[in-house]
Amino acid sequence: MTKKMSISTSKTSLVLFLCQIISALDVPLDLSQPPTITQQSPKDYIVDPRENIVIQCEAKGKPPPSFSWTRNGTHFDIDKDAQVTMKPNSGTLVINIMNGGKAEAYEGVYQCTARNERGAAISNNIVVRPSRSPLWTKEKLEPNHVREGDSLVLHCRPPVGLPPPIIFWMDNAFQRLPQSERVSQGLNGDLYFSNVQPEDTREDYICYARFNHTQTIQQKQPISVKVFSMDSLNDTIAANLSDTDIFGAKPVTERQPVLLTPTGSTSTKVELRGNVLLLECIAAGLPTPVIRWIKEGGELPANRTFFENFKKTLKIIDVSEADSGNYKCIARNALGSVHHVISVTVKAAPYWITAPRNLVLSPGEDGTLICRANGNPKPSISWLANGVPIAIAPEDPSRKVDGDTIIFSHVQERSSAVYQCNASNEYGYLLANAFVNVLAEPPRILTPANKLYQVIADSPALLDCAYFGSPKPEIEWFKGVKGSILRGNEYVFHDNGTLEIPVAQKNNAGTYTCVARNELGKIQNEVQLEIKDPTMIIKQPEYKVIQRYGQVSFECIIKHDSTLLPTVTWLKDNDELPDDERFLVGKDNLTIMNVTDKDDGTYTCIVNTTLDSVSASAVLTVVARPNPPFDLELTGQLERSIDLSWLPGDENNSPITSFVIEFEDALHEPGVWRYQTEVPGSQTTAQLKLSPYVNYAFRVIAVNRIGRSQPSEPSEQYLTKSASPDENPANVQGIGSEPDNLVITWEPLKGFQSNGPGLQYKVSWRQKDVDDEWTSVIVANVSKYIVSGTPTFVPYEVKVQALNDLGYAPEPSEVIGHSGEDLPMVAPGNVQVHVINSTLAKVHWDPVPLKSVRGHLQGYKVYYWKVQSLSRRSRRHVEKKILTFRGNKTFGMLPGLEPYSSYKLNVRVVNGKGEGPASPDKVFKTPEGVPSSPSFLKITNPTLDSLTLEWGSPTHPNGVLTSYTLKFQPINNTHELGPLVEIRIPANESSLILKNLNYSTRYKFYFNAQTSVGSGSQITEEAVTIMDEVQPLYPRIRNITTAAAETYANISWEYEGPDHANFYVEYGVAGSKEDWKKEIVNGSRSFFVLKGLTPGTAYKVRVGAEGLSGFRSSEDVFETGPAMASRQVDIATQGWFIGLMCAVALLILILLIVCFIRRNKGGKYPVKEKEDAHADPEIQPMKEDDGTFGEYSDAEDHKPLKKGSRTPSDRTVKKEDSDDSLVDYGEGVNGQFNEDGSFIGQYSGKKEKEPAEGNESSEAPSPVNAMNSFV
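Owing to the predicted nature of the structure, the values given are computational and were not obtained by experimental measurement.

(A) Spotlight on the overall build of the chain. Secondary structure assignment for the chain yields 6 helices and 94 strands. Of the roughly 67,100 Å² of accessible surface on the chain, 51% is carried by carbon and sulfur atoms.

Here is the structure:
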């Protein structure tokens, strides 16, 4: 819908070019020349009789001309009339009417003559007439009594004025009388009624005549019209006749058309060429006739034909001789037709074919004056010389008259004169002055020197060289100072001296020289041409659809020549923007704030420079939710249905897609509106189904793409009669809440569903498959009934029937329910376990008989727990795990088991009441697996050629360790790795001294453990041998810790080495191959804040020291917090929180003091002494380096919750326990198996205090379990 318009510079150039042609014919005013009339009054000059009469006559010439006037063909001596003056240096007459003169005394035909020594020019014959606006003649107007259906013409007959008045009909209140196909005004001003109706009766039909010239309005006496209807006419006749008379007016009868104007079947019309042709046909008839126009033997002219006055008037503008012919109007109604043929003849007043033009000749030259005109009839041509008919004018041997041409030969200076050509016929005349001026003048160039022309590229360039000379000079153009004469198709040379470059390009820019020469001399002039880049709109405004009260912006980005200054103007619907602060005009856009409906329209961006103009437009459509429907009406009222109709509101530029109908039940739910139905947007009526005993009111909501309208005003209310219920309660259920009852529930009927007063429910039940009778009870105002004393979990048939004071609803359908459940009585039998691998087992069992389930079978639960690790004998708190298998399953998978461990399990059946008894515990063992990484690796005692390695056994050996594998390799200063050396170490070793190493060399070590199944994961460490026997303080960075927030992280570390180290922090996204990002740490601080991180992203980080052989720490990984939906208040900065924390800290301090005092008084407990005496080597007190607890502590229960690694201060490297997941196997609280036994949920744990091995568990603890371990 974007429209683009470009205002080309070629039109402007063409106008300039035409002006140049005209000016080239003008003789410079400093040279002798005959007079030329430059201004005169119109031929038919109607003046206001109340104002002075000004008859214009202006002329130019050298020497300046003198003026004289004739009136009615005789000399008009203005000196003898004190009321008449002539303006100085002008021929314009001023007749003073306002000081006592009368305009009628100066009526006549005036002609002005302008004369100097070289000739005389004359004006047209100016007919001066004062305007007239006479009053209506007094007349007695009789009232018009008309029978209904008859035709009527009210005559206006305005007074004859000058010019003719404009006619219109009004009433006493100055309101225009309404017109239609039945009633209309004719071209003569009369008011025509094709047929009258009773509503046409009135006493103030007034015809007004407006005389525009004098700004007066004349009024005719009011005309009275009385229309008698058939009913009133019959009443009048009946009142004046006896009962025995036969009377009665005929009813209104339909009549075929009859023409009121024009009369007869044919008429003629003469119109002049160029005028407007108006043809009229007005017909009477009942029904009102319709008018149609045709042209016999041809078509009505396209683009010039218009129909007015309800097609009763045919209007053809700018008629020509080709429009002559027969025009037929046809009036038709249901009873017939009538036609009239108007024969149109187009005549023509004289019009120019070739008007004579001024002729400038040098002595001895030849020339011609040509005067050619046409008209209908053909005009006659006559010549005058200096205002005198040429036949009686002084002889001139150099001229010869040949009809419409005067031929001049070997003219001399005395041949100068002004010639008049008169072309006339019976419809008018044409008069033209043309002089012959004999001069001998060398060339002169009238265009200013060095004139600058600026043209847009690819547009025509017109370089002016206006000249004069006698004889006529020859013109030549050159480009540049020493350029050759311009020729060829690239240029166009005009007679007025203008050089045209049709398509100017950048290479056409430069200096152009115009040379004019004749036999009397030569002259030249230079002009400059610059070519500019065109102005373009590179981003146009686009069609926009915006909701009401929204904001919209139109772009208009332009590109223009750097030397031109553009101005951007915005228009709305081709007019200025509204003066409203909501319209914001920016550099390259228009923004409209808070858009309203009146902002709808076309917006145009116009870019103007001094050379060109471009524009682009776009349409803005403002849409909104529709206006609410109105005028709701209820019809067709029946007991169970009603018809609703409405009128739609404004759709606000977005079509209405549907109507939503809502109802209110004022009897049961006053003020609550509920959905009734929805109909398409093209529909404005709906038949609505009704329920008995409801007091209905309806409203309608219109919906379009934008949204829903406001509801309509409610309709009138409609109360339906009462009836028995049509439907019964829904969602009937029978479910026991206790083992000995049955609870029957249902969804009660709504008020409008009751169909009448006294709504109740009949509740019935009987035991299924038992030959019992129905037991029933009738209740009201409830939706539940409890049947007591039922057997446990027995099926029942249940039904609920609605009834009211008028009767029962239809027989309800029956539903099957059950009395209450009880706990299952029997445990699953024949439990078998099949171990699949070191972490997965499959368990089978026999199903429990359904009768023993005593309820709805929910499924089976498998409880399993680790008894001990086969590689260690430590004990720990037992964590039982539960997997639930839905439905009548007989097998399931146990995932996430620990290798080389002993397990127990049992199976229980589950119903809606709970779990049944457990099956006997089943013991099974898992085979060996690969071990976890060694618990730590320390490198100490560096010497020139040796390092001491110490390590801890794997936290989870998962079997019997067979050996350790150590691999190491040197690292040079460019961080390149050397050859790899591998050493196998017995499983019972915990340290090793590596000898024969290179001095002052960094080594990287890889260390892992093996079982018979394979190798476990490895840990790495780096160390450096020393340069001499003196213990060096070699640099190292360790114990990197991270504390991550949403978009930043605090990084801290420990440094050992020389002072004044310059640290840097490198980081990147974990797992990414992108280069590390580097941040320099100011000073020697051992912490840094990384900012600008992405929330919820894992990052890798390491710390290095500048100038220390590129020394860097090992990598650490951390994860930023998730993005918060909104900024939270930092609770740690709140005053109430700080006060609360201080109180809690004080309370804890008091408790600690009390405990310490009581402990010192009591000494050691016996159990504690026994534990100290018989300590299990695997149960260690809490150590500072690994953070584990003694006294039945589960190491994995105390794993840190924070992600990321931490290197201990003693350089021990620990690998976190693996997070084995049960996601792929079974169900805990929120997991389950599929039908094939595959696991689709996640298990959950339940702790019980049972003896178990400690520190071997590899399952991933939940956060809840991790917190429980601290209790």
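(B) Region of the structure containing the nonpolar core. Ile53, Ile55, Trp69, Ile95, Tyr110 and Val128 are the most contacted members of the largest nonpolar core, which has 29 residues in total. Among the secondary structure elements, those contributing two or more residues to this core are strand E3 (44-47), strand E4 (53-55), strand E5 (57-62), strand E6 (66-71), strand E9 (93-95), strand E10 (108-116) and strand E12 (126-130). The element contributing the most residues to this core is E10, with 3 residues. Discounting residues that sit within four places of it in the chain, isoleucine 95 has contacts with Asn52, Ile53, Ile55, Gln83, Val84, Tyr106 and Tyr110. In this structure, Ile642, Val679, Val694 and Phe752 belong to the second largest nonpolar core, which totals 20 residues.

(C) Focus on the sheet that holds strand E88 (residues 1049-1056). Read from one edge of the open sheet, 3 strands run E87-E88-E91, paired in antiparallel fashion. Sheet topology places strand E87 (1036-1044) and strand E91 (1087-1090) at the edges, where each strand pairs with a single neighbour. Taking the axes of each pair of neighbouring strands and ignoring which way they run, one obtains an average angle of 20° across the sheet. Note: E88 against E91, 4 bridges, orientation antiparallel. Within the sheet, the bridge partner assigned to isoleucine 1051 lies in E91 and is phenylalanine 1088.

(D) Local environment of the state of the cysteines. Per the counting criterion, the structure on display carries 6 disulfides. Note on cysteine connectivity: cysteine 57 is disulfide-linked to cysteine 112, with sulfurs 2.0 Å apart. When the S-S torsion is -70°, as for the bridge of cysteine 57 with cysteine 112, the disulfide is left-handed. Of the two residues, cysteine 57 sits in strand E5 while cysteine 112 sits in strand E10, which places them 55 residues apart along the sequence. Paired through a disulfide, cysteine 556 and cysteine 605 show a sulfur-sulfur distance of 1.9 Å. Handedness of the cysteine 556-cysteine 605 disulfide follows from its S-S torsion of about -70°: it is left-handed. Of this pair, cysteine 556 sits in the loop between strand E50 (552-555) and strand E51 (557-559) while cysteine 605 sits in strand E56 (residues 601-608); the two residues are 49 residues apart in sequence, bridging distant segments of the chain.

(E) Main features of the packing of aromatic side chains. Scanning the entire structure with this criterion turns up 24 aromatic pairs. Judged by centre distance (5.8 Å) and plane angle (75°), the rings of phenylalanine 76 and tyrosine 110 are edge-to-face. Of the two residues, phenylalanine 76 is situated in the loop between strand E7 (74-75) and strand E8 (84-86) and tyrosine 110 in strand E10; the sequence distance between them amounts to 34 residues. Considered together, phenylalanine 76 and tyrosine 110 belong to a single accessibility category, that of buried residues. On the basis of an interplanar angle of 65° and a centroid distance of 5.5 Å, the ring pair of phenylalanine 408 and tyrosine 419 is categorised as edge-to-face. In this pair, phenylalanine 408 is assigned in strand E36 (residues 405-408) and tyrosine 419 in strand E37 (residues 417-425), connecting sequence segments 11 residues apart. Aromatic rings pair up to connect Phe168, Phe174 and Tyr208 into one cluster. For lysine 544, the ring lying beneath its charged end belongs to phenylalanine 554, and the centroid distance is 5.4 Å.

(F) Examining the pairing of strand E25 (residues 290-295) more closely. Alternating residues of E25 divide into Ile291, Trp293 and Lys295, all buried, and Val290, Arg292 and Ile294, none buried. By the bridge criterion, 6 bridges tie E25 to strand E28 (residues 325-333) in an arrangement that is antiparallel. Across the sheet, the residue bridging to tryptophan 293 is cysteine 329, located in E28.

(G) Up close: unusual backbone geometry. In this model, lysine 62 is joined to proline 63 through a cis peptide bond whose omega is 0°. Looking at the element boundaries, proline 63 is found in the loop between E5 and E6. Proline 262 follows threonine 261 through a cis peptide bond whose omega is -10°. By secondary structure assignment, the location of proline 262 is in the loop between strand E21 (255-261) and strand E22 (266-272). At glutamine 215, a residue that is not glycine, the phi angle is positive and equals roughly 55°. Relative to the elements of secondary structure, glutamine 215 occurs in the loop between strand E18 (202-211) and strand E19 (216-219). Glutamine 215 gets classed as exposed once you look at its relative accessible area, which sits at 66%. The backbone phi angle of asparagine 781 is positive, close to 60°, even though this residue is not glycine. Along the chain, the position of asparagine 781 falls in the loop between strand E68 (775-779) and strand E69 (784-788).

(H) Focus on the pattern of salt bridges. Summed over the entire model, instances satisfying the criterion amount to 37 salt bridges. With its nearest N and O atoms 2.4 Å apart, the salt bridge here joins lysine 220 to glutamate 139. Of this pair, lysine 220 sits in the loop between E19 and strand E20 (223-228) while glutamate 139 sits in the loop between E12 and strand E13 (144-147), placing them 81 residues apart in sequence. The residue arginine 182 makes a salt bridge to aspartate 200 at a minimum N-O spacing of 2.5 Å. Taken together, the positions of arginine 182 in the loop between strand E15 (166-170) and strand E16 (183-185) and aspartate 200 in the loop between strand E17 (191-193) and E18 put the pair 18 residues apart, joining distant regions of the chain. For the pair arginine 182 and aspartate 200, a shared accessibility class is recorded, and that class is buried.

(I) Quick look at the side chain of asparagine 695. Summarising the element assignment, asparagine 695 is placed in strand E63 (residues 695-704). Looking at asparagine 695, its side chain comes within polar contact range of the side chain of glutamine 717, at 3.2 Å. Here asparagine 695 is in contact with Glu664, Asp665, Ala666, Leu667, Gln717, Tyr718 and Leu719, once residues within four sequence places are set aside.

(J) View of the sheet that holds E8. Taken in spatial order, the 3 strands make up an open sheet running E4-E9-E8, and their pairing is antiparallel. A strand with exactly one partner marks an edge of an open sheet, and here the two such strands are E4 and E8. Neighbour to neighbour, the strand axes of the sheet diverge by 20° on average, direction disregarded. Note that E8 and E9 share 3 bridges and pair antiparallel. Of the residues in E9, the one forming a bridge with methionine 86 is leucine 93.

(K) Structural context of a nonpolar patch on the surface. On the surface, Leu1146, Leu1149, Ile1150, Ile1153, Val1154, Phe1156 and Ile1157 cluster together to form a nonpolar patch covering roughly 660 Å² of accessible area. You can see valine 1154 is positioned in helix H4 (residues 1135-1162). Taking the relative accessible area as the measure of exposure, valine 1154 reaches 41% and is therefore partly exposed.

(L) Main features of the environment of glycine 480. Structurally, glycine 480 is set in the loop between strand E43 (474-479) and strand E44 (492-493). Ignoring sequence-local partners within four residues, the contact set of glycine 480 consists of Thr511 and Thr513.

Quick notes on the rules
- Residues numbered from 1 in each chain as written.
- Predicted model: local features only at pLDDT ≥ 70, side-chain atom pairs only at ≥ 80, totals over all residues.
- Heavy atoms only, no water.
- Helix = DSSP H or I, 4+ residues; strand = E, 2+ residues; numbered from the N terminus.
- Areas by Shrake-Rupley, 256 points an atom, 1.4 Å probe, with all protein chains shown as cover.
- Core = buried A, V, L, I, M, F, W, Y, C linked by side-chain atoms within 4.5 Å.
- Buried < 20%, exposed > 50% of the residue type's maximum accessible area, 1.4 Å probe, protein only.
- Contact = heavy atoms within 4.5 Å.
- Pairing = 2+ DSSP bridges.
- Axes fitted to C-alpha atoms, helices over the stretch in contact; angles between N-to-C directions.
- Disulfide = S-S within 2.5 Å.
- Phe/Tyr/Trp six-rings, centres within 6.5 Å; stacked < 30°, edge-to-face > 60°.
- Lys NZ or Arg CZ within 6 Å of the ring centre and 35° of its normal.
- Salt bridge = Lys/Arg side-chain N within 4 Å of Asp/Glu carboxyl O.
- Polar contact = N/O pair within 3.5 Å; in protein donor to acceptor, adjacent residues only side chain to side chain.
- Patch = residues over 30% accessible without salt bridge, like charges linked within 9 Å, V, L, I, M, F, W, Y side chains within 5 Å.

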